[in-house]
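Descriptive analysis of the structure
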Amino acid sequence: MLRKLAPEYKLKFMHVCGTHEQAITRFGLRTLIPENIEVIPGPGCPVCVTPGEEIEEAILLAKQGVSVLTFGDMFRIPGADGTLAGEKAQGGDIRIVYSIKDAVEYAHSHPEKDVVFFSVGFETTAPSVAAEVLNGPPENFSLLVSHRLIPPMMELLLGIGDMRIDGWICPGHVATVIGTEPFELFPRVYNMPTVISGFEPIDILMSLIMLMTQVQSKKPRVDNEYSRSVKPKGNPRAKKLLEEAFDIVGGQWRGIGKVPFSAYKLKKEFKEYDAREKYGIKIESKKDILMESCHLVINGKLKPQECPLFSKTCTPQTPKGPTMVSTEGACNIYYKYGALDLEA
Ligand code: SF4
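Thresholds applied
Residues numbered from 1 in each chain as written. Predicted model: local features only at pLDDT ≥ 70, side-chain atom pairs only at ≥ 80, totals over all residues. Near = placed C-beta within 6 Å. Nonpolar A, V, L, I, M, F, W, Y, C, P; charged D, E, K, R; others polar. Helix = DSSP H or I, 4+ residues; strand = E, 2+ residues; numbered from the N terminus. Buried ≥ 20, exposed ≤ 12 C-beta atoms within 10 Å, placed from the backbone. Right-handed = clockwise from strand over helix to strand, strands pointing away. Pairing = 2+ DSSP bridges. Axes fitted to C-alpha atoms, helices over the stretch in contact; angles between N-to-C directions. Contact = placed C-beta atoms within 7 Å. Core = buried A, V, L, I, M, F, W, Y, C linked by C-beta atoms within 7 Å.

The next point concerns the site of the ligand. Near the ligand you find 14 residues, and of these Cys294, Cys307, Cys314, Gly321 and Cys331 are the closest. Considered class by class, the residues forming the shell around the ligand number ten nonpolar, three polar and one charged.

To continue, consider unusual backbone geometry. You will see that Lys218, though not glycine, has its phi angle at about 55 degrees, which is positive. Looking at the element boundaries, Lys218 is found in the loop between α11 (201-217) and β9 (222-224). Its 8 C-beta neighbours within 10 Å are what place Lys218 among the exposed residues. At Phe261, a position not held by glycine, the phi torsion is positive, near 50 degrees. Phe261 gets classed as partly exposed once you count the C-beta atoms within 10 Å, which come to 14.

Along strand β8 (residues 194-197), one buried face is formed by Thr194 and Ile196 and the opposite face, lined by Val195 and Ser197, is buried too. Note that the unit made of β8, α11 and β9 has a crossover that is left-handed.

As a general point, the strands of a sheet are linked pairwise by backbone hydrogen bonds and lie either parallel or antiparallel. Ordered by their spatial adjacency, five strands build an open sheet running β2-β1-β7-β8-β9, and the pairing between neighbours is parallel. Unpaired on one side and paired on the other, β2 (37-41) and β9 mark the two borders of the sheet. Going from strand to strand, the sheet's axes swing by 20 degrees on average, the running direction of each strand aside. Along the sheet face, α11 touches β1 (11-15), β7 (167-171), β8 and β9 and points at about 165 degrees away from the line of β8.

The subject of this paragraph is the nonpolar core. With 98 residues, the main nonpolar core has Ala58, Val68, Val116 and Leu143 as its most contacted residues. Top element by residues in this core is α11. It accounts for seven residues. Among residues more than four places away in sequence, those in contact with Val116 are Leu61, Val66, Val68, Ser142, Leu143, Leu144 and Ala275.

The structure is reproduced here in structure tokens:
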């Protein structure tokens, strides 16, 4: 079917989700796709796009004696001046948790400590953070919020001059929260075929068929391949939590730069839970530590295996950049599962 629908010319479809890249690479889906159809990973790993300055903020908090709790993947992501793992080795109280709930429980059971949860993720995980804030966590708890929004970043990528994207495979879990409506501007304003996709190999193949059908018919629209979970208006309860807890502001993305309206910030009425306000942290250096090619992999201009360091000096054991550190990073996924693609 895919071969039947594929035109003679080249097409490049981008997804923006580490879970999509895992399914595509792990199951060798690129070997099933006609050669002139490229599926490229964009900035879909929240850990990878967390800017160096926000890692520095977490390190600074740990240096001030605060207990910093975060996800395991954040440990080895470099800031301008080191990693959380390095700070822990020097005595910083930095701990891995699996959810904000664990972090709040830790704060409850350690009232003698100042506890900060370094909260990283996209729209998918932000509602649970909002819910905890609205529930009123203990006084010794606050948040270093580093959540980003996907659609504004997708729109910014379309404005990058030497970037070519012929259609979007959009993350189903993000759309489960925000709905299909925020993606409507891509066909309407940019004439861009767009499909909301689930995460099974069959979902991704079906999404490609839907994209090709849109290309063939020259009628771009938003198709919802993941309709078993995604409703046009998303999850109203989750959206209400987000609206009540957060404002939407401009946010820095590692490897991309400042993206307007792409970050959540706690509303003023919750400033006692905002670690930036509570501890008055200020980072002078706004430099991101990126090896030559990392930003090109983050924004989809380079395939991981095209980086000269890939699998030579840069491996998951010796990562030189965020996309090799994180299990959702394209370099890490290619290193683990990319043999089928590399052989093809
Ligand atoms: S292989 Fe390493 S250095 Fe190259 S882009 Fe990936 S993370 Fe960066």
